[in-house]
Amino acid sequence: MIEITGEIPFWFKGEDNTVSVYSSARISRNFSGLNFPSSPGYNLFRSVEKKTDDVISQFLISGRIRKFPLSALPQEEILRLKRLRVIPEKRNDSLAKFTLYYDNDNSAYLLTNYIDHLTFFSHSQGMNITSAFKNCKNFSDLFNDAGIARDPKGNFITSGIDYFGSGLKCFSVLSLPVCRLAGKIDEIRSSIEYNGMSVQKYFRSEEKFISIISNRDSYSKSAESILRDFKKVLSELKKYSSGLLEDIDRDQPNLSSECLEIINSEHLTFNDFIKIYDVVSFLKIKGRIKFSISGLNRVLVLLMQQSAGEVAGGAIKRTLTDDLFNKIRKTLKNEVIK
């Protein structure tokens, strides 16, 4: 069952991975007068679900919004959605109380009864956080007249301080292939944190691919300011990456040959795939090869769904990579001959 996201989610199909694989916006809201789902003894799951259904009833009937009770999903699909970060890493007995909705018009999701009553989120390709925010806000705006909890100053009341105020968090799943080849990831992480952003790992392992950045402050700034500042960070990362291109060309002249050597080795790990990912991305950014970044990301997401990234030194399934690697071989052989 892959109808919720498709085998390869659309947010992995972008052609620009200089900075990000994909970006996301998340908005938290609560109904007035109801305890938070995180409260001890919370038992309002059905009440929140019914209230949600009442607000969007016309869209459920028309089919614009689809409803997926997590209790009805096969275990295989639950695991896949966790690995794609569509649903949280929770035990099955907790997930069974959540309901996932998908707004076809806005390519946005709503999860009920997680940390807050309503958690809206949307993803977009690459650095396009503006699109993710717009789609997420369009979905959440359907609930503007549904008795949403606010304090006297108009701040949205949320279960956690991280979302209090605007209720908005922006995220970007960083790829940064150029920065990684240049050995600058630790430096970038320190700079991002110094500038008030949080950095977390996509996987549980200690490896430096992939990291997720997000804003820490949702209270002192408006949603528009949060979005504007987040876009500035992504733009600076792109500018910084561009400034490293010539250094890599000079310091690592044999990247194509090294990449071919990795591809032709008998044993391939997830770390090996990331090195290949970085080299091919760099050569594409430099304009030295023509290659589909969405093709690279397609295999990346398949490996993610197999949990390969949780053990970076673990072997990857060649059946998932062989077609891609054959295309890379042909492309890089021409590059080496030049």
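Above: the structure in question.
Summarised in this report is the structure supplied together with it. (Residues numbered from 1 in each chain as written. Predicted model: local features only at pLDDT ≥ 70, side-chain atom pairs only at ≥ 80, totals over all residues. Heavy atoms only, no water.)

Brief notes about the sheet that holds strand β7 (residues 197-201)
Ordered in space as β2-β3-β4-β5-β1-β6-β8-β7, the eight strands form an open sheet in which the pairing is antiparallel. If you trace the sheet from one side to the other, it starts and ends with β2 (65-69) and β7, each paired once. Sheet twist, expressed as the average angle between the axes of neighbouring strands with direction ignored, equals 20°. Of the strand pairs in this sheet, strand β6 (residues 168-174) and strand β8 (residues 211-215) are connected by four bridges, and their pairing is antiparallel. (Pairing = 2+ DSSP bridges. Helix = DSSP H or I, 4+ residues; strand = E, 2+ residues; numbered from the N terminus. Axes fitted to C-alpha atoms, helices over the stretch in contact; angles between N-to-C directions.)

A closer look at the pattern of salt bridges
With the rule as written, the count across this model stands at 24 salt bridges. The salt bridge involving R298 is made with E7; its shortest N-O contact spans 3.9 Å. Residue R298 is located in helix α11 (residues 293-305), and its partner E7 is located in the segment before β1 (20-29); the two are separated by 291 residues in the primary sequence. Close ionic contact of R46 with E49 constitutes a salt bridge, the shortest N to O distance being 3.0 Å. Note that R46 and E49 are positioned in helix α1 (residues 45-55) at a spacing of three residues, about one turn of the helix. One salt-bridge network, in which partners are shared between bridges, spans R46, E49, D53 and K67. (Salt bridge = Lys/Arg side-chain N within 4 Å of Asp/Glu carboxyl O.)

Examining the pairing of strand β3 (residues 99-103)
Taking burial as the measure, the five residues of β3 include five buried ones, the bulk of the element. Residues of β3 alternate between two faces, with T99, Y101 and D103 on one and L100 and Y102 on the opposite face, all of them buried. Across five bridges, β2 lies against β3 in antiparallel orientation. Residue pairing across strands places K67 opposite Y101, the latter belonging to β3. Looking at chain direction, β3 and strand β4 (residues 108-112) are connected through five bridges and run antiparallel. Paired with D103 across the two strands is A108, which belongs to β4. Here β3 hands over to β4 after four residues, with S107 in that stretch at a positive phi of 50°. (Buried < 20%, exposed > 50% of the residue type's maximum accessible area, 1.4 Å probe, protein only.)

Side note on the nonpolar core
Counting residues in each nonpolar core, the largest one holds 105 residues, and the members touching the most others are F143, I213, F273 and I328. Among the elements that make up this core, the one with the highest residue count is helix α8 (residues 223-251) (ten residues). If sequence neighbours within four positions are ignored, I213 has contacts with C170, F171, S172, L174, I192, M197, S198, V199, F230, V233, L234 and L237. (Core = buried A, V, L, I, M, F, W, Y, C linked by side-chain atoms within 4.5 Å. Contact = heavy atoms within 4.5 Å.)

A few points about the side chain of T52
Position of T52 relative to the elements: it lies in helix α1. The exposure class assigned to T52 is buried, which follows from its relative accessible area of 0%. Of the polar contacts made by the side chain of T52, one reaches the backbone oxygen of V48; its length is 2.8 Å. (Polar contact = N/O pair within 3.5 Å; in protein donor to acceptor, adjacent residues only side chain to side chain.)

Details of α11
For α11, which comprises 13 residues, the first-to-last C-alpha distance of 18 Å matches the rise-based estimate of 18 Å (1.5 Å per residue) to within 8%. Where burial is concerned, most of α11 is hidden: ten out of the 13 residues are buried. Looking only at α11, the buried set comprises I293, L296, N297, V299, L300, V301, L302, L303, M304 and Q305. (Expected span 1.5 Å × (residues − 1).)

Focus on the environment of N264
One can find N264 in the loop between α9 (255-263) and α10 (270-286). Residues N264 and R329, 65 residues apart in the sequence, show an inter-C-alpha distance of 8.9 Å. Among the polar contacts listed, one links the side chain of N264 to the side chain of R329, at a separation of 2.8 Å.

Details of the pairing of strand β5 (residues 118-125)
Taking burial as the measure, the eight residues of β5 include seven buried ones, the bulk of the element. Alignment of β1 against β5, held across eight bridges, turns out to be antiparallel. Directly across from R26, in β5, lies its bridge partner F121. Pairing analysis gives five bridges linking β4 to β5, with the strands arranged antiparallel. Note that in β5 the partner of Y109 across the bridge is F121. The hairpin turn running from β4 into β5, its antiparallel successor, is five residues long, and N113 in that turn takes a positive phi close to 65°.

Keep in mind these numbers describe shape, not what the thing actually does.
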